Protein chains: 2
Amino acid sequence: MSDLQIRDIAILHGASEEFFTKLESVGNERKLDKGKIVFIHEEQAENFYILMAGWVKLFRETADGAQSIIDILPAGHTFGETPIFEDGLYPYSAEIVEPSVVISAPLSLLKEELQSNNELSMNMLKHLIRYKRGQDRELEHMTVQNAPQRIGCFLMRLADSDSKGPVTIHLPYDKTLLAARLGMQPETFSRALAKLKEQTGIRVKGAVVELDNLEQLINYSCQVCSSEFPCKDVVSLK
Amino acid sequence: MSDLQIRDIAILHGASEEFFTKLESVGNERKLDKGKIVFIHEEQAENFYILMAGWVKLFRETADGAQSIIDILPAGHTFGETPIFEDGLYPYSAEIVEPSVVISAPLSLLKEELQSNNELSMNMLKHLIRYKRGQDRELEHMTVQNAPQRIGCFLMRLADSDSKGPVTIHLPYDKTLLAARLGMQPETFSRALAKLKEQTGIRVKGAVVELDNLEQLINYSCQVCSSEFPCKDVVSLK
């Protein structure tokens, strides 16, 4: 199901050979179905997780019952690792949203490696700073971009940024979830997608989006952003 | 002007005595007036900065000329340090927004200390993860809270969270800037502040906000948030 290897996981670059050997020995790899809850917000954290295939949603619930999505991560990402640096509780819930392969391993293993291996700590700092840049742009877009422009930006994260000709983008999960990820009501998302089609000429058939070229989206979304294409800020989901 | 000492800067906890001694020797402390630009987005980064007193605005400009505020940091924070982990260019511009005291020092000094001192790297990871939690909530609030509720949340960041009785909050910089920090147009901010007063009974006189008790804001803002008061997510500005 996945060609990804543990040593390919970017956030773990710099970890020692000993760490990877232990991880292979104690790590528990499982296939998980859509809908599976991996852990719950504020639960005592015992393990961290590596997503080898699929998609995982990180979310919370507000006091009045609304769901707030923190991120939907693709394969190659870790999740549930931050309790090492905090109060030992998961800061969000995690739910599988497409059939996935997940490795779980004790947080203590990662903590010990981080405490003894500065190369890994530095690499993790680099990744967090990169992630923060993306989040800075998301916050910016909430203020300066309209809903169709924000959908356009998200679609570009799913495309090869060096594509010159026609581009086909496959939406990675259902549109209701995509709307929620972008902080939109489903109706707002539908209207915004219709407007994006009308303004840029992109074609949407179910989960497939077709473009004559990336310029259609770049001209529409990136003109209302503090970053230029190809983007140094927003993290690719490709 | 400032009672803060270099060794009090939370993000530098864990740095060696040798680092602090070098920092005291090569660091350049200056008083800077409101309006002073410290560095510009995409400029080659030579120094990092420590804000010993005052407030600094980190911002960018979008392609169509709008200003997008990334954050406005109080004393005790560093800024301009992330180029160490990136392409060596500042990822934002920095402007002093209230009379400030700033120490500048070569990025190479911090880089060498990070590369040789895992305790500092781990402490920096802890701070970034804490910051990310706050940013996660800001993104959440953009979707689930209305403008008056977001102002209410911001006011709580300026108050002592253990206050039981009457609370007086001093706005740290002018209202136009506060509106921009919250991603609101000045007119939207004024209307939202009026609604917040009406709904919660808080009193606003110029830059001073008076509350009978914090509950007035907690009941109004925290009910539409995935975090509870006292907040583990949003970072105090007190």
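Everything below is about the structure printed above this text.
Residues numbered from 1 in each chain as written. Chains lettered and ligands numbered in written order. Predicted model: local features only at pLDDT ≥ 70, side-chain atom pairs only at ≥ 80, totals over all residues. Heavy atoms only, no water.

Draft legend 1. Main features of the relation of the copies chain B and chain A. Between chain B and chain A, the superposition needs a rotation of 180° and an axial shift of 0.0 Å, giving an RMSD of 0.0 Å. Classification of the inter-copy transformation places it as that of a two-fold axis. Considering only C-alpha atoms, the residue of chain B closest to the rotation axis is asparagine 118 of chain B, which sits at 2.4 Å. The fraction of interface residues of chain B whose copies in chain A are also interface residues reaches 100%, indicating that both copies meet through the same surface. (Least-squares fit on C-alpha atoms with pLDDT ≥ 70 in both. Contact = heavy atoms within 4.5 Å.)

Draft legend 2. Fine view of the sheet that holds strand E8 (residues 203-205) of chain A. All names here are of chain A. Overall, antiparallel pairing links the three strands, which are arranged E7-E9-E8 in an open sheet. Looking at the sheet topology across the chains shown, the edges are occupied by strand E7 (167-170) and E8. Strand-to-strand twist across the sheet, computed as the mean angle between neighbouring axes with direction ignored, equals 20°. Bridging between E8 and strand E9 (residues 208-211) involves three bridges; their strand directions are antiparallel. Directly across from lysine 205, in E9, lies its bridge partner valine 208. (Pairing = 2+ DSSP bridges. Helix = DSSP H or I, 4+ residues; strand = E, 2+ residues; numbered from the N terminus. Axes fitted to C-alpha atoms, helices over the stretch in contact; angles between N-to-C directions.)

Draft legend 3. Up close: the pairing of strand E3 (residues 47-61) of chain B. All names here are of chain B. Of all the 15 residues making up E3, 13 are buried; the element is thus mostly covered by neighbouring parts of the structure. Where E3 and strand E6 (residues 93-106) come together, eleven bridges link them in antiparallel fashion. Across the sheet, tyrosine 49 pairs through a bridge with serine 104, a residue of E6. Where E3 meets strand E4 (residues 67-74), seven bridges bridge the pair, whose relative direction is antiparallel. Bridging from a neighbouring strand, arginine 60 pairs with serine 68 of E4. Connecting E3 to the next strand, E4, in antiparallel fashion are five residues, including glycine 65 with a positive phi near 95°. (Buried < 20%, exposed > 50% of the residue type's maximum accessible area, 1.4 Å probe, protein only.)

Draft legend 4. The pattern of salt bridges, seen in detail. For the structure shown, the criterion picks out 38 salt bridges over all chains. A salt bridge links aspartate 87 of chain A to lysine 232 of chain B, with the nearest nitrogen and oxygen atoms 2.5 Å apart. One end of the pair, aspartate 87 of chain A, is in the loop between strand E5 (78-79) and strand E6 (93-106); the other, lysine 232 of chain B, is in the segment after helix H7 (215-221), on a second chain. For the salt bridge of aspartate 71 of chain B with arginine 181 of chain B, the shortest nitrogen-to-oxygen distance reads 3.2 Å. Highlighted residues: aspartate 71 of chain B in strand E4 and arginine 181 of chain B in helix H5 (residues 175-181), separated in sequence by 110 residues. The pair formed by aspartate 71 of chain B and arginine 181 of chain B is uniform in burial state, with each residue classed as buried. Connected via shared salt-bridge partners are Arg60 and Glu86 of chain A together with Arg133, Arg137, Glu140 and Asp233 of chain B. (Salt bridge = Lys/Arg side-chain N within 4 Å of Asp/Glu carboxyl O.)

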